[in-house]
Amino acid sequence: MNEQSWLECIRGCGVKHAIDEVIYQCEQCGGLLDVEHDVDALKQRSAIEWKELFEQRAAVRSGPYASGVWAKKEWVCSQLPLEDIVTFYEGNTPLLNVPTLGKQIGLSDLWVKLCGNSHTGSFKDLGMTVLVSVVNHMIKLGSPIRAVACASTGDTSAALAAYAAAAGIPAIILLPHDKVSPEQLIQPLANGAKVLSLNTDFDGCMRVVQELTQDPSIYLANSMNSLRMEGQKTVGIEIVQQFGWQVPDWIILPAGNLGNVSALGKGLLLMFELGLIDHLPRIACAQAQNANPFYLAYKNGFKQYQPVVAQKSTASAIQIGAPVSYERAVKVMQRFDGVVEQVSEEDLANICALADRSGLYCCPQTGVALSAAQKLAVQSVIKPHERVVVISTANGLKFSQMKTAYHGYRLKDIQVKYGNAPIEIEASMEEVFRNL
Ligand SMILES: *Cc1c(COP(=O)(O)O)cnc(C)c1O
Ligand SMILES: [Zn+2]
């Protein structure tokens, strides 16, 4: 591949590597690498020309440009040959206005970005299409990669398994035993991945996969691999485009390993640099109180950072104590005047159920973000009239166990506010009427 994008240390050491090199960390300082783009080359198109191009692509119905990620190909991975792209037409997800829910939580202009309406049911598809496409390209060029591997809280593995299967590349999945939902476990199994269930938590799996991928023939698919960030960064760009190129006041998202917030910031900053927007939104990260290292660091102005041992949360996809992209995320928070809020298990469960009452079907992580939105509105950090987008990171259908337990009043230590259990009755019309 040529020099239009390359890998570079996030700490500014200045060492560059080609996109298709098997390397994840700076050799000088150990910092993570980011994909950098030749911004001057991108500036050869004006902001208006970029908008026109992206509007045209939004109408494309087949081929790689029908993907919301690859519609932004020049900003994502310009030099990748179109024929090497592995896509399930990810992205282009609905941005839904939810006025009823908004009113209930004190926000008059509330929107939900439904990233769970995607092939494997989470936003992880956005990044995985880029990573697997590049690996596909590398293998075609003769790279000795024999498998792609990841540690996962459930959704990364589902995405990796599907995209790898489509490309015919073997996938190795490391999951923390008993800490992902049954739906998330069955996805990679069905796609034929090698699934290893480790007797540890996500952070333990992450340590093992980093050792495993020291072997250059096993390619690391976690979000410390910056290729995934390039796909995930399109979500913010897409939101702004869906608002007719208007910037919302706030974007709120659940945060665990902190890859997604880093990606969100990266996409918005590129838009800003290329003149498509003239200011930035504010960003709020939402964490579960039971897994809150980023919240704790925020509270002391990011002066000190201490990983924690994540406690059990129904928001299992963000049950992470040692986020890999911490440094990237701090930079984004500083640039975007960001805030971090934490929420309790009870609040996240109840707000999921409240949101579902207006027709949504929220996963617990989305509940974390909605609950944070409500808390920030109560504190007047977010003003009632401000335009707020909550990123719904996964499809609620992946979390049936949690939702079933909630409506069956079986969620431990939680005061259920909006439960709705089935009523068991005899099969007669009288009984039905008696129970209406
Ligand atoms: C991965 C994931 C997150 C967290 O994203 P990070 O990049 O780890 O911060 C949130 N919600 C869901 C559903 C996820 O799968
Ligand atoms: Zn470095």
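Everything in this summary refers to the structure shown in the same document. Source: prediction; values computed, not measured.

To continue, consider the nonpolar core. Membership of the largest hydrophobic core comes to 103 residues, with the highest contact counts inside it found for Trp-75, Leu-160, Tyr-219, Val-261, Met-271, Leu-276 and Phe-294. Top contributing element to this core by residue count: helix α5 (residues 124-140), with eight residues. Discounting residues that sit within four places of it in the chain, Trp-75 has contacts with His-37, Leu-42, Trp-50, Phe-54, Glu-230, Lys-233, Ile-237, Leu-270, Met-271, Leu-274 and Leu-276. If you look at the next biggest cluster of nonpolar residues, it comprises 40 residues, including Val-112, Ala-353, Tyr-406 and Val-416.

Attention now moves to the pairing of strand β10 (residues 250-254). Residues in a regular strand project their side chains so that they alternate between the two faces of the sheet. Among the five residues in β10, five count as buried, and that is most of the element. Both faces of β10 are covered, namely the face carrying Trp-250, Ile-252 and Pro-254 and the face carrying Ile-251 and Leu-253. Read as a crossover between parallel neighbours, the route from β10 over helix α11 (residues 259-273) to strand β11 (residues 282-288) is right-handed. Where β10 and strand β13 (residues 387-392) come together, three bridges link them in parallel fashion. Within the sheet, the bridge partner assigned to Ile-251 lies in β13 and is Val-389.

The protein atoms that coordinate the zinc ion (ligand 2) are Cys-9 (SG), Cys-13 (SG), Cys-26 (SG) and Cys-29 (SG), at distances spanning 2.3 to 2.4 Å. One way to put it: the four donor atoms around the zinc ion (ligand 2) meet at angles of 102 to 115°, and that makes the site tetrahedral. In the primary sequence, the donor residues of the zinc ion (ligand 2) line up as C-x3-C-x12-C-x2-C. A relative accessible area of 6% means that Cys-26 is categorised as buried. Looking at Cys-29, the relative accessible area reads 32%, which means it is partly exposed.

Once that is clear, we can look at helix α13 (residues 326-335). Buried within α13 we find Tyr-326, Arg-328, Ala-329, Val-330, Val-332 and Met-333. Where α13 is buried, its residues contact β3 (33-37), α9 (226-232), α11, β11, α12 (293-299) and β12 (339-343). The first or second residue beyond α13 is Asp-337, which carries a positive phi of 50°.

As a structural note, the neighbourhood of ligand 1 is formed by 14 residues, with Lys-124, Asp-155, Asn-257, Asn-260 and Thr-393 the closest of them. In this structure, an oxygen atom belonging to ligand 1 sits 2.7 Å away from a side-chain N or O atom of Lys-124. Within the side chain of Thr-393, a nitrogen or oxygen atom sits 2.7 Å from a nitrogen atom of ligand 1. Notes on ligand 1: free accessible area 380 Å², of which the protein chains cover 97%. Its residues assigned to classes, the shell around ligand 1 comprises six nonpolar, six polar and two charged.

A word on the environment of Ala-165. Relative to the elements of secondary structure, Ala-165 occurs in helix α6 (residues 155-167). Its relative accessible area of 36% is what places Ala-165 among the partly exposed residues. For the pair Ala-165 and Gln-104, spaced 61 residues apart in sequence, the C-alpha to C-alpha distance is 43 Å.

Scoring rules and cut-offs
Residues numbered from 1 in each chain as written. Chains lettered and ligands numbered in written order. Predicted model: local features only at pLDDT ≥ 70, side-chain atom pairs only at ≥ 80, totals over all residues. Heavy atoms only, no water. Core = buried A, V, L, I, M, F, W, Y, C linked by side-chain atoms within 4.5 Å. Buried < 20%, exposed > 50% of the residue type's maximum accessible area, 1.4 Å probe, protein only. Helix = DSSP H or I, 4+ residues; strand = E, 2+ residues; numbered from the N terminus. Contact = heavy atoms within 4.5 Å. Right-handed = clockwise from strand over helix to strand, strands pointing away. Pairing = 2+ DSSP bridges. Donors = N, O, S within 2.8 Å, 3.2 Å for Na, K, Ca; no water. Tetrahedral: all angles 85-135°; square planar, octahedral: opposite > 155°, others 65-115°. Near = heavy atom within 4 Å. Polar contact = N/O pair within 3.5 Å; in protein donor to acceptor, adjacent residues only side chain to side chain. Areas by Shrake-Rupley, 256 points an atom, 1.4 Å probe, with all protein chains shown as cover. Nonpolar A, V, L, I, M, F, W, Y, C, P; charged D, E, K, R; others polar.

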